[in-house]
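Residues per chain, in single letters:
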Amino acid sequence: MKRNIYIGIVAVLLIGFALAQNAGDGIAAVFKQEEPLPTETGPRAGLLAPGFSLTAMDGKTYNVGGAKDKAIFVNFWASWCEPCKQEAPELNSLAAKYKDKLDVYGVNVTSYDKLKDAKAFVDEYKLTFPILLDEDGATYAKYNGVAFPTNVLIDANGVIQEVILGILPEEELERKIKAVIKK
């Protein structure tokens, strides 16, 4: 009987200690577990983003895949794509606004475009974020690209949160970006 009382007292003390450690989170925090990261890689929401490394127009190499300091927004586009032209100013604005929490990479799928046209597009829309060149289309294929633009929102853990085919109103796109950078 005495032994059971001691066990009960120890249990109460342990729970009290755990609650004190998580004072701001309440009782639920004691039992809360982190959601495990996915182990499968693939081009859809909930999976790890397929990794890639591409050279950009600025001569630097950029890498996507795995955990990063910031969330990533990947925009696959071509210079002849009318919706790409419509969203270019919005992407420039969002890239500047969220630069501390989000890396925006424009990926010109050069296998479906011409480099000189892509450079003219970047100049015309005064794009300030890195423009990567997918010269053979292999990266676009990794993401099962079927339309331009294709936008991929990847959280800081390297998990795809959303794949967006086509364009969205700027307010809706910004709402989706805010949701990803809060994760």
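Quick notes on the rules
Residues numbered from 1 in each chain as written. Predicted model: local features only at pLDDT ≥ 70, side-chain atom pairs only at ≥ 80, totals over all residues. Heavy atoms only, no water. Axes fitted to C-alpha atoms, helices over the stretch in contact; angles between N-to-C directions. Helix = DSSP H or I, 4+ residues; strand = E, 2+ residues; numbered from the N terminus. Left-handed = near helix turned anticlockwise from the far one by under 90°. Contact = heavy atoms within 4.5 Å. Nonpolar A, V, L, I, M, F, W, Y, C, P; charged D, E, K, R; others polar. Polar contact = N/O pair within 3.5 Å; in protein donor to acceptor, adjacent residues only side chain to side chain. Disulfide = S-S within 2.5 Å. Buried < 20%, exposed > 50% of the residue type's maximum accessible area, 1.4 Å probe, protein only. Pairing = 2+ DSSP bridges. Expected span 1.5 Å × (residues − 1). Bend = angle between axes of the 7 residues up to and from the residue.

Per an unreviewed UniProt entry, the chain is named Thiol-disulfide isomerase/thioredoxin, and its organism is Paenibacillus tundrae.

### Overview of the packing of helix 3 (residues 82-97) against helix 6 (residues 170-181)
Across the interface, helix 3 lies against helix 6 with an axial gap of 11 Å and an inter-helix angle of 35°. Classified by chirality, the crossing of helix 6 by helix 3 is right-handed. Note on element contacts: helix 6 touches helix 3 through E170, L173, E174 and I177, opposite E90, L91, S93, L94 and K97. Residue composition of the contact of helix 3 with helix 6, by class: 4 nonpolar, 1 polar and 4 charged.

### Structural notes on the side chain of D113
Along the chain, D113 turns up in the loop between strand 4 (102-108) and helix 4 (115-124). At 2.6 Å, the side chain of D113 forms a polar contact with the backbone nitrogen of S79. Beyond its immediate stretch of four places on either side in the chain, D113 contacts W77, A78, S79, W80, N108 and A118.

### A word on the state of the cysteines
Under the criterion given, the structure shown has 1 disulfide. Disulfide pairing places C81 opposite C84 at an S-S distance of 2.4 Å. Between C81 and C84 the sulfur-sulfur dihedral comes to about 80°; the bridge is accordingly right-handed. The burial state of C81 is the same as that of C84; both residues are buried.

### Some remarks on the pairing of strand 6 (residues 150-154)
Buried residues dominate strand 6, accounting for 5 of its 5 residues. Residues T150, V152 and I154 point to one face of strand 6 and N151 and L153 to the other, with burial holding for every one of them. Sheet analysis places strand 3 (residues 71-77) next to strand 6, joined by 5 bridges and oriented antiparallel. Among the inter-strand pairings, I72 is bridged to a residue of strand 6, identified as I154. Here strand 6 pairs with strand 7 (residues 160-165) via 5 bridges, running antiparallel. Its bridge partner lying in strand 7, V152 is registered against V163. Connecting the antiparallel pair strand 6 and strand 7 is a turn made up of 5 residues, with G158 showing a positive phi of about 90°.

### Some points on helix 3
Helix length check: helix 3, at 16 residues, gives a terminal C-alpha distance of 24 Å against a target of 22 Å (1.5 Å per residue), a fit within 8%. Maximum bend of helix 3: about 35°, positioned at A88, with proline P89 one to four residues after it. Within the span of helix 3, buried status applies to C84, E87, A88, E90, L91, N92, L94 and A95. Packing partners of the buried residues in helix 3 comprise strand 3, strand 4, helix 4, strand 6 and helix 6.

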